[in-house]
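Results of the structural survey
Chain residues, written in single-letter form:
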Amino acid sequence: MRSDLAHKMGCELNDFGLLKVDALGATSVSGVYAAGDITSPMQSLASAVAQGAIVAGGGITHALIKEDFV
Ligand SMILES: Cc1cc2nc3c(=O)[nH]c(=O)nc-3n(C[C@H](O)[C@H](O)[C@H](O)COP(=O)(O)OP(=O)(O)OC[C@H]3O[C@@H](n4cnc5c(N)ncnc54)[C@H](O)[C@@H]3O)c2cc1C
């Protein structure tokens, strides 16, 4: 959360001043995903792990499957 990387990339923030993401962890910047403490005021290991699984297994995998690699 101390890194300014997301800010430098132009990611929008939510009402809590954390990264704004959709249900699958996509930020406002195309191709940039986030999970865990940096996205939610519900800061716990269980939340971070669950959200990480959703973002990696759902959001990013789904985005890659939709990519046209040909
Ligand atoms: C003192 C304390 C006690 C806690 N106790 C509990 C508890 O009992 N139970 C519980 O469920 N939760 C607890 N939490 C909360 C829990 O630790 C967090 O919710 C959880 O670790 C969040 O995981 P995360 O992956 O989102 O972030 P983090 O665990 O913070 O992981 C982020 C990682 O990114 C790395 N990083 C940062 N910037 C960069 C960069 N520029 N480049 C590369 N890497 C970078 C950091 O070094 C870090 O390893 C506690 C937190 C604190 C601070």
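Preceding this paragraph is the structure being described.
Every chain's residues receive numbers from 1 upward, in the order its sequence appears when written. Local features are withheld for residues below a pLDDT of 70 in this predicted model, meaning they are given only at 70 or higher, and side-chain atom pairs are given and counted only at 80 or more; totals for whole chains, interfaces and linings count all residues. Only hydrogens and water are removed before side-chain values are computed, so all heavy atoms of the structure are retained for them.

1. Brief notes about the site of the ligand
Inspection of the region around the ligand gives Ser3, Gly36, Asp37, Gln43, Ser44, Leu45 and Ala48 as its neighbouring residues. Two N or O atoms count as a polar contact when they lie within 3.5 Å, although within protein this holds only if one can serve as hydrogen donor and the other as acceptor, and sequence-adjacent residues are included solely when both atoms are side-chain atoms. The side chain of aspartate 37 places a nitrogen or oxygen atom 2.7 Å from an oxygen atom of the ligand. Residue exposure ignores everything except the shown protein chains as possible cover, and the areas themselves are Shrake-Rupley values with a 1.4 Å probe. Compared with its free state, where it exposes 1000 Å², the ligand has 27% of that area covered by protein. Class assignment for the residues of the shell around the ligand results in two nonpolar, four polar and one charged. The near set for a molecule or strand comprises every residue that places at least one heavy atom within 4 Å of it. Residues are sorted three ways: Asp, Glu, Lys and Arg are charged, Ala, Val, Leu, Ile, Met, Phe, Trp, Tyr, Cys and Pro are nonpolar, and all the rest, Gly among them, are polar.

2. A short note on the pattern of salt bridges
Take a side-chain nitrogen of Lys or Arg and a carboxyl oxygen of Asp or Glu: if they are within 4 Å of each other, that pair is a salt bridge. Under the definition given, this model contains two salt bridges. Residue glutamate 12 is joined to lysine 20 by a salt bridge in which the shortest nitrogen-to-oxygen separation is 3.4 Å.

3. With respect to the nonpolar core
It is characteristic of soluble globular proteins that their nonpolar side chains tend to be buried jointly. Definition used in this section: a nonpolar core is a set of buried Ala, Val, Leu, Ile, Met, Phe, Trp, Tyr and Cys residues joined via side-chain atoms within 4.5 Å. Between buried and exposed lies partly exposed: a residue is buried under 20% and exposed over 50% of the maximum accessible area for its type, with that area taken using a 1.4 Å probe on protein chains only. Ala6, Cys11, Leu19, Val32 and Ala34 form the largest nonpolar core, which has five residues in total. Contact between two residues is taken to exist if any of their heavy atoms lie within 4.5 Å; hydrogens are not considered. The contacts of alanine 6, once residues within four sequence positions are left out, are Cys11 and Leu19.

4. Brief notes about the side chain of threonine 39
The secondary structure listing takes helices from DSSP runs of H or I that are at least 4 residues long and strands from runs of E that are at least 2 residues long, numbered from the N terminus. Within the secondary structure, threonine 39 is located in the loop between α1 (5–9) and α2 (45–66). With relative accessibility at 7%, the residue threonine 39 sits in the buried group. At 2.9 Å, the side chain of threonine 39 and the backbone oxygen of glycine 36 are in polar contact. Once residues lying within four places of it in the same chain are set aside, the contact partners of threonine 39 are Asn14, Leu18, Leu19, Val21, Ala34 and Gln51.

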